[in-house]
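Overview (structure and organization)
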Amino acid sequence: MNKEKVLEQVQAALTEHRYTHTLGVRDTAVRLAQMYGADVERAAWAAIIHDYAKFRSKEEMADIIKNEGMDTAFVTYGGELLHAPAGAVLAREELGVKDEAILEAVVWHTTGKPGMTVLEKVLFLADYIEPNRRFPGVEDVRAQADEDLDEAVCTALGNTITFLIKKRQPVFEKTLAAYNELILA
């Protein structure tokens, strides 16, 4: 994979704001990977491609998920989740990404799941705390990320669950399961 060429393709698929976010996620993922022993190159690649499908139509993304035999719960729980699994498929097909660890990290970067690898946690957390993010609680999670990866992921999951409940939106089952796994550990 040619990183410069992939970056160009990703940039072309995103808005300027989302591309800036992607670069922030990349830098944060590299730092977290170095801190917590994940493969730094894989973390950078996963971050670069994590939002590749963000601006595809919901219909296209839902069709990709169904046609690939992926977990259709992504479709059930709403449009904000679709870009992650669809993006992994499109990254494989359009960008030539073949590394399954990278693609799996992309699939779970919005929801989390039980049994996440260190790479999956790094991407999930980097997407949540990258420097351009501004929302209540993000500074606390940033501070936790410098001390304990699992604690920071658990807090980010808890914040997301609380946010969704306050908005009377459904909570993805694997998000709840990931939170419970970390709380009970």
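Source: prediction; values computed, not measured.

Quick notes on the rules
- Residues numbered from 1 in each chain as written.
- Predicted model: local features only at pLDDT ≥ 70, side-chain atom pairs only at ≥ 80, totals over all residues.
- Heavy atoms only, no water.
- Axes fitted to C-alpha atoms, helices over the stretch in contact; angles between N-to-C directions.
- Helix = DSSP H or I, 4+ residues; strand = E, 2+ residues; numbered from the N terminus.
- Parallel < 35°, antiparallel > 145°, perpendicular 65-115°, else oblique.
- Contact = heavy atoms within 4.5 Å.
- Salt bridge = Lys/Arg side-chain N within 4 Å of Asp/Glu carboxyl O.
- Buried < 20%, exposed > 50% of the residue type's maximum accessible area, 1.4 Å probe, protein only.
- UniProt positions renumbered as here; feature names shortened; annotations may be inferred.
- Left-handed = near helix turned anticlockwise from the far one by under 90°.
- Nonpolar A, V, L, I, M, F, W, Y, C, P; charged D, E, K, R; others polar.

Close contact between helix α1 (residues 3-13) and helix α3 (residues 40-49) brings their axes to 9 Å; oriented N to C, the two are set at 25 degrees. With respect to their mutual orientation, α1 and α3 come out roughly parallel. On α3, the residues that touch Lys3, Val6, Leu7 and Val10 of α1 are Glu41, Ala44, Trp45, Ile48 and Ile49.

On to the pattern of salt bridges. One pass over the full model with this rule turns up 14 salt bridges. For aspartate 27, the salt bridge goes to arginine 26, with nearest N and O atoms at 3.1 Å. Note on aspartate 27: relative accessible area 44%, which makes it partly exposed. The partly exposed category is assigned to arginine 26, whose relative accessible area is 22%. The shortest N-O distance in the salt bridge between glutamate 80 and lysine 54 comes to 3.5 Å. Taken as a pair, glutamate 80 in the loop between α5 (73-76) and α6 (83-94) and lysine 54 in the loop between α3 and α4 (58-67) lie far apart in primary sequence, 26 residues in all. Note on glutamate 80: relative accessible area 58%, which makes it exposed. Put simply, Arg56, Glu60 and Glu94 are held in one network by salt bridges that share partners.

Per the UniProt record, the feature "domain: HD" (unreviewed entry) sits at residues 18-132. Strand forms 0% of residues 18-132 and helix 65%; the C-alpha atoms that close the span are 10 Å apart.

Quick look at the packing of helix α2 (residues 16-36) against α3 now. Between two packed helices, the angle of one axis relative to the other and the distance separating the axes together describe the packing. Two elements in contact, α2 and α3, have axes whose closest approach is 8 Å; the angle formed by their N-to-C orientations is 160 degrees. Regarding the angle of α2 to α3, the classification is roughly antiparallel. Seen along the crossing, α2 lies across α3 with a hand that is right-handed. Residue-level inspection shows Thr22, Val25, Arg26, Ala29, Val30, Ala33 and Gln34 of α2 in contact with α3, the latter providing Val40, Ala43, Ala44, Ala47 and Ile48. Tallied by class, the residues present in the contact of α2 with α3 amount to 9 nonpolar, 2 polar and 1 charged.

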